[in-house]
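# Descriptive analysis of the structure
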Amino acid sequence: MAAHLSYGRVNLNVLREAVRRELREFLDKCAGSKAIVWDEYLTGPFGLIAQYSLLKEHEVEKMFTLKGNRLPAADVKNIIFFVRPRLELMDIIAENVLSEDRRGPARDFHILFVPRRSLLCEQRLKDLGVLGSFIHREEYSLDLIPFDGDLLSMESESAFKECYLEGDQTSLYHAAKGLMTLQALYGTIPQIFGKGECARQVANMMIRMKREFTGSQNSIFPVFDNLLLLDRNVDLLTPLATQLTYEGLIDEIYGIQNSYVKLPPEKFAPKKQGDGGKDLPTEAKKLQLNSAEELYAEIRDKNFNAVGSVLSKKAKVISAAFEERHNAKTVGEIKQFVSQLPHMQAARGSLANHTSIAELIKDVTISGTTLASTMMAPRGTSEDFFDKLTVEQEFMSGIDTDKVNNYIEDCIAQKHPLIKVLRLVCLQSVCNSGLKQKVLDYYKREILQTYGYEHILTLHNLEKAGLLKPQPGGRNNYPTIRKTLRLWMDDVNEQNPTDISYVYSGYAPLSVRLAQLLSRPGWRSIEEVLRILPGPHFEERQPLPTGLQKKRQPGENRVTLIFFLGGVTFAEIAALRFLSQLEDGGTEYVIATTKLMNGTSWIEALMERPF
């Protein structure tokens, strides 16, 4: 059991156990010793549901990464390929199988497609002459993976691009299937709300799938009261801005992958006297980040400016706890102290790690580094970080969004990382409902001349996604949206916040504001803004069998599942957790998404690399 998945109103261990059971059943079909050949992208998501110990219990003796040519030698009866349904992977699998056939003793081959079987992939294997080699060809519907007690993700890295650029609805179908799985485990969700074209399609798919299963009545008492489906393109602004929560900044600077982060090792080296800094570790420090760690659960969603005081208080508490050993006089007192020791040592280790991480972040965001040194730093350093943040906040508060920005010009002239420039230009475009044609043409020309004409394809993708576009009819709707939804707050209390705008030190994520207003007083109060934002808004009711209607107790909060189609940031997750914890909020949120992302990974996914 993963204890951190069951701390909330919804026990996500139920889902984790269901997908683990399905995996065990498949492994048991392949009797005898096994080697698994992994599509490398799947190893991270699988690690969240099944550790090596579970695989070992089912006779998995070896694990390899899927690569061309021959497989490494393994004295096993079964070779199982765990892969996404991608044609280019089928070519590598065929190469592996053919080289094994030539090697000698016959093996049993099996293939497990995640999350769906693909006729195109099976046809490719047939064309390459290896389809008949596979005894089992099955699918493993790992649609939604539990990341934390209130967080699920499909980890579909190309979902946004597929939906909004290529018109491919595959990831929407997987989202609908994942939601049907959730309803099978947690009961029918009585009300569905949505905003956006993709949200409408997912809701339609769910209704159609439910009709197809009319014979089997779901008799589970509903855990969720509402489902809110939100298109990412309803709020293109939020991921482009720099996240300012502790977890958000870790992701912005170092990138969090499947709950793990890799950090520079220097700050984590044990300090020994007289070493003079010799023998510093060179391998990145890898840490798991989730709410199973008490301290991380406490600080992850705080604005970074509020983290230092929490760490300082924790240090005093832990220090005082260790001092207690001097007061332990009797055997009973000593025994009690010793029994608490493992927890205290874990707390001290956790504090040391997060103090080091906070120092690393501080080096980037606060300390007085000269701007010249930022030319060498790919992710930007303090003075530059502050300048970038100032420009972002000016755009988001509606200042000078309609003309060429001097800071962006300087960044291009000094050839700062292209993604940084694209994030800023796209942010300006979104905050101005598109750029004036001459401003847009100027930026495009400067970017192509500085970074290379091959990026014309990337600029085309950004335009198609609505991130970088000419302003239609010279009308800027952003001020109306900003004022109606109170997206910019001048007085933000970062230490003891009273509003979700603390996650960006002034900007309240549009997506989360929509969720907040839906909960209270309802979307009727913002009809005008909903018409301005892209895509339809709708409400569907799913009738419940008699006896399953929920009678809410006085003071009991509603539980809303909010599904971000196209990705969600850690800052948005923090804002939703803040709303869940409000005493008079009335709603607790569980968050699901196609992908956990930040502005950098988002723009990267939209970039074309022709060479």
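Residues numbered from 1 in each chain as written. Predicted model: local features only at pLDDT ≥ 70, side-chain atom pairs only at ≥ 80, totals over all residues. Heavy atoms only, no water.

The chain carries the name Vacuolar protein sorting-associated protein 33A in an unreviewed UniProt entry, which gives Prolemur simus as its organism. What UniProt records for the chain under Sequence similarities (unreviewed entry) is the sentence "Belongs to the STXBP/unc-18/SEC1 family." (UniProt positions renumbered as here; feature names shortened; annotations may be inferred.)

### Looking at the overall build of the chain
Broken down by element type, the chain carries 24 helices and 15 strands. Its C-alpha atoms give the chain principal-axis dimensions of roughly 75 × 70 × 60 Å. Looking at the chain residue by residue over its 611 residues, the buried ones come to 54%. Counting only contacts in the chain whose residues sit at least 6 apart along the sequence, the fraction spanning at least 24 positions is 78%. Of note, the chain has its 75 positive side-chain charges centred 2 Å away from the centre of its 77 negative side-chain charges. (Helix = DSSP H or I, 4+ residues; strand = E, 2+ residues; numbered from the N terminus. Buried < 20%, exposed > 50% of the residue type's maximum accessible area, 1.4 Å probe, protein only. Contact = heavy atoms within 4.5 Å. Lys, Arg positive; Asp, Glu negative; His and termini not counted. Charge placed at Lys NZ, Arg CZ, Asp CG, Glu CD.)

### Focus on the packing of helix 17 (residues 418–430) against helix 18 (residues 437–451)
In a pair of packed helices, the angle between the axes and the distance between the axes together describe the arrangement. Viewed as axis vectors pointing N to C, helix 17 and helix 18 meet at an angle of 175 degrees, and their least axial separation amounts to 12 Å. For the element pair helix 17 / helix 18, the angle class is roughly antiparallel. When helix 17 is examined against helix 18, the residues L418, V421, L422, V425 and Q428 are found in contact with a partner set consisting of Y443, I447 and Y451. Along the lines of polarity and charge, the residues of the contact of helix 17 with helix 18 split into seven nonpolar, one polar and no charged. (Axes fitted to C-alpha atoms, helices over the stretch in contact; angles between N-to-C directions. Parallel < 35°, antiparallel > 145°, perpendicular 65-115°, else oblique. Nonpolar A, V, L, I, M, F, W, Y, C, P; charged D, E, K, R; others polar.)

### Brief notes about unusual backbone geometry
Most of the time, phi is negative for any residue but glycine, and the peptide bond is trans. In this chain, V114 is followed by P115 through a cis amide linkage whose omega measures 5 degrees. Mapped onto the secondary structure, P115 falls in the loop between strand 4 (108–113) and helix 5 (119–127). For E155, which is not a glycine, the phi torsion comes out positive at approximately 50 degrees. Note that E155 resides in the loop between strand 7 (151–153) and helix 6 (159–164). You can call E155 buried: its relative accessible area is 6%. The phi angle at S259 is positive, at roughly 75 degrees, despite the residue not being glycine. In this structure, S259 sits in the loop between strand 10 (256–257) and strand 11 (260–263). A residue is classified by how much of its surface remains accessible, and S259, at 7% relative accessible area, is buried.

### Some thoughts on the packing of helix 4 (residues 87–103) against helix 5
Axis separation between helix 4 and helix 5 bottoms out at 9 Å; the angle between their running directions is 30 degrees. Viewed along their axes, helix 4 and helix 5 form a crossing whose handedness is right-handed. Between helix 4, through L87, M90, D91 and I93, and helix 5, the contact on the second element is made entirely by L120, C121, R124 and L125. Partitioned by chemical class, the residues of the contact of helix 4 with helix 5 number six nonpolar, no polar and two charged. (Left-handed = near helix turned anticlockwise from the far one by under 90°.)

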